[in-house]
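Architecture and fold: a report
So the chains spell out like this:
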Amino acid sequence: MGEMGEEEIISSKALPMKGGDGPYSYTKNSYCQRVALDNIKEMINEAIAENLDIKHLSPISNTFCIADLGCSVGPNTFTSMNDIMEATVLKYHSEGLSSNLPEFHVFFNDHTANDFNTLFTSLPPDRQYFAAGVPGSFYIRLFPKASLHFVHSSFALHYLSKLPKEITDKNSPAYNKGKISYPTSSKEVVEAYASQFSKDFESFLNFRAEELVCGGLMVLIMTGIPDGSSRFQAIGATLDVLGYCLMDMAKMGLVSEAKVDSFNFPVYSPFRREVEELLERNRCFSVERFELVTRTRDVAATDVQAVTKHARAVTEEMIKQRFGSEIIDELYERVFQKLQEFPQFLDGIFKRSTQLFVVLKRQAMD
Ligand code: SAH
């Protein structure tokens, strides 16, 4: 496993969602992802029915191994794993293999700092699979060679393995002063983020290619935006609003401005064509399906409180690590105020949500 670069292990800092099951936890605030996943469920069922060639799948005894990469604390991961398992069982029945059903093994992966205790204690008691936790970054090898039949990852690939160095280098043209994300930053900043995303996505594909059996499927649900659209959407917009609030607090002397300057979220939403090009370049997988799924929401009906809580569930831990817990309540109160004051921000965050839905199949190599 010499591929595991030491740099990656050191820099793959944990960016956990808020653990536990309190009011600001991911468990209680992952509803947006769940709604999107429910819409995508039918597409996953189709992918399994049409693309999973169980008769020719390299067997690993009679076990069907599934991994969820970036699973967080649930409950979304449980629903997704259950859906995948059920669709696979259906496929076995439809192929006349009812008497030969496999046992299922599900591997839940996330960073070591993820709240695995909450995950394990809330595993559905009636689950029909064996469960295991796999700690560590998915930008390195996580599993033995050819040991997985199905890889799933939702809403996790926008996290970069690390922040590009130049973003926090005062002497670089890509220095991101006064901001914590890139959507409204200089071209150099955006390019630095984009290039880190490309590198990370490529290594993600290469490591998974080693871990999947030939014919194995990989379903990726990732944030992505339509070509030519504004970058000020979804996650990017949320982080920009958070950045404005931090800068307001810096101007009032409540947080250090230098700290804001040197703090950035290693998160990036690619354009559709960026992902398409990276997939075309990869020779290990065939692209079975590639779509930008769009959902339009009624902004008027959007509850600003819910948007703020969701932003808090996914960003609080990292803000705390950097700025301390004293500022947290005030910061998110300001985010709430700002969203109420400038409802146009909600357009970027909530009006239109887009995800890339990707189905890949591991090809046999010559
Ligand atoms: N898949 C769940 C959770 C999404 S939240 C859902 O759809 O609701 C994104 C998760 O990805 C977080 O828990 C975060 O810790 C995890 N993550 C981000 N980068 C990661 C990496 N390099 N390796 C493993 N997990 C990662």
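You'll find the structure just up there.
Described in the following lines is the structure provided in the data block. From a predicted model like this one, the values you see are computed outputs, not experimental measurements.

1. Considerations on the overall build of the protein
Helix and strand counts for the protein stand at 11 helices and seven strands. Taken over C-alpha atoms, the radius of gyration comes to 21 Å for the protein, in line with the 21 Å a tight globule of 366 residues would show. Projecting the C-alpha coordinates of the protein onto the three principal axes gives extents of approximately 70 × 40 × 35 Å. Relative to all contacts within the protein whose residues are 6 or more apart in sequence, the contacts with residues 24 or more apart total 83%. Here the protein contributes 38 positive and 48 negative side-chain charges, whose respective centroids are spaced 2 Å apart.

2. Details of the packing of helix H9 (residues 304-323) against helix H10 (residues 328-341)
Running from N to C, H9 and H10 point in directions that differ by 145°, and their axes come no closer than 10 Å. Here H9 runs over H10; the crossing is right-handed. Two secondary-structure elements touch here, H9 through Val304, Gln305, Val307, Thr308, Ala311, Arg312, Thr315, Glu316, Ile319 and Lys320 and H10 through Ile328, Asp329, Leu331, Tyr332, Val335, Phe336, Leu339 and Gln340. Taken together, the residues of the contact of H9 with H10 sort by class into 10 nonpolar, four polar and four charged.

3. Section: the packing of aromatic side chains
The tally for this structure, following the rule as stated, stands at 13 aromatic pairs. When the ring of Phe116 is compared with that of Phe120, the centres are 5.9 Å apart and the planes differ by 35°; the resulting orientation is tilted. On the criterion of helical spacing, the pair formed by Phe116 and Phe120 is a turn pair, its members being four residues apart in helix H4 (residues 116-121). When the centroid spacing of 5.4 Å and the interplanar angle of 85° are considered together, the rings of Phe138 and Phe204 count as edge-to-face. Of this pair, Phe138 sits in the loop between strand E3 (130-135) and strand E4 (148-154) while Phe204 is found in helix H5 (residues 187-211), placing the two residues 66 residues apart along the sequence. Judged by its relative accessible area of 8%, Phe138 is buried. Chaining the aromatic ring pairs together yields one cluster made of Tyr182, Tyr193, Phe197, Phe201 and Tyr268. The lysine or arginine in question, Arg208, covers the ring of Phe204, its NZ or CZ lying 4.9 Å from the ring centre.

4. What to know about the nonpolar core
Phe201, Phe204, Met218 and Leu220 are the most contacted members of the largest nonpolar core, which has 41 residues in total. No other element matches the 10 residues that H5 contributes to this core. With residues near it in sequence (within four places) discarded, Met218 still touches Val151, Phe204, Leu205, Arg208, Leu212, Phe285, Val358, Val359 and Leu360. With 37 residues, the next largest nonpolar core counts Ile40, Leu57, Cys71 and Phe104 among its residues.

5. What about the pairing of strand E2 (residues 103-110)?
A large share of E2 lies buried, amounting to six of its eight residues. When strand E1 (residues 63-69) meets E2, the two strands line up parallel, connected through seven bridges. Looking across to E2, one finds that Ile66 is bridged to Val106. Taking the sense of rotation as the criterion, the β-α-β connection linking E2, H4 and E3 turns out right-handed.

6. Details of the pairing of E4
Among the seven residues in E4, seven count as buried, and that is most of the element. Looking at chain direction, E1 and E4 are connected through three bridges and run parallel. From the neighbouring strand, Ala67 faces E4, where its bridge partner is Val151. Relative to strand E5 (residues 212-223), E4 runs parallel, the two being bridged by six bridges. Bridge pairing links Ser154 to Ile221 in E5.

7. A word on the sheet that holds E3
Ordered by their spatial adjacency, seven strands build an open sheet running E3-E2-E1-E4-E5-E7-E6, and the pairing between neighbours is mixed. Strands with a single pairing partner mark the edges of an open sheet, and in this sheet they are E3 and strand E6 (285-296). Pairs of neighbouring strands in the sheet enclose a mean axial angle of 15°, with direction left out of account. Across the face of the sheet, helix H3 (residues 76-94) comes into contact with E1, E2 and E4 while running at roughly 150° to E2. The sheet contacts of helix H8 (residues 272-281) involve E5, E6 and strand E7 (352-362), and relative to E6 the element is tilted by about 170°.

8. Notes on the packing of H5 against H8
With their axes 10 Å apart at the nearest point, H5 and H8 run at an angle of 40° to one another. Regarding the angle of H5 to H8, the classification is oblique. H5 and H8 meet at a crossing whose hand is right-handed. Of the residues in H8, those in contact with Ala194, Phe197, Ser198, Phe201, Glu202 and Leu205 of H5 are Glu274, Val275, Leu278, Leu279 and Arg281.

9. Observations regarding unusual backbone geometry
Excluding glycine, residues mostly have negative phi values, and the peptide bonds linking residues are mostly trans. Omega for the bond connecting Gly74 with Pro75 falls within 30 degrees of zero, at 5°, which places this linkage in the cis form. Of note in this structure, Ala146 is not a glycine but carries a positive phi near 45°. Residue class for Ala146 comes out partly exposed when judged on its relative accessible area of 40%. Notably, Phe155 is not glycine yet its phi reads approximately 55°, a positive angle. By the element assignment, Phe155 lies in the loop between E4 and H5.

The rules we used
Residues numbered from 1 in each chain as written. Predicted model: local features only at pLDDT ≥ 70, side-chain atom pairs only at ≥ 80, totals over all residues. Heavy atoms only, no water. Helix = DSSP H or I, 4+ residues; strand = E, 2+ residues; numbered from the N terminus. Rg over C-alpha atoms; globule rule 2.2 N^0.38 Å. Contact = heavy atoms within 4.5 Å. Lys, Arg positive; Asp, Glu negative; His and termini not counted. Charge placed at Lys NZ, Arg CZ, Asp CG, Glu CD. Axes fitted to C-alpha atoms, helices over the stretch in contact; angles between N-to-C directions. Left-handed = near helix turned anticlockwise from the far one by under 90°. Nonpolar A, V, L, I, M, F, W, Y, C, P; charged D, E, K, R; others polar. Phe/Tyr/Trp six-rings, centres within 6.5 Å; stacked < 30°, edge-to-face > 60°. Buried < 20%, exposed > 50% of the residue type's maximum accessible area, 1.4 Å probe, protein only. Lys NZ or Arg CZ within 6 Å of the ring centre and 35° of its normal. Core = buried A, V, L, I, M, F, W, Y, C linked by side-chain atoms within 4.5 Å. Pairing = 2+ DSSP bridges. Right-handed = clockwise from strand over helix to strand, strands pointing away. Parallel < 35°, antiparallel > 145°, perpendicular 65-115°, else oblique.

Read these as geometric descriptors, not functional statements.
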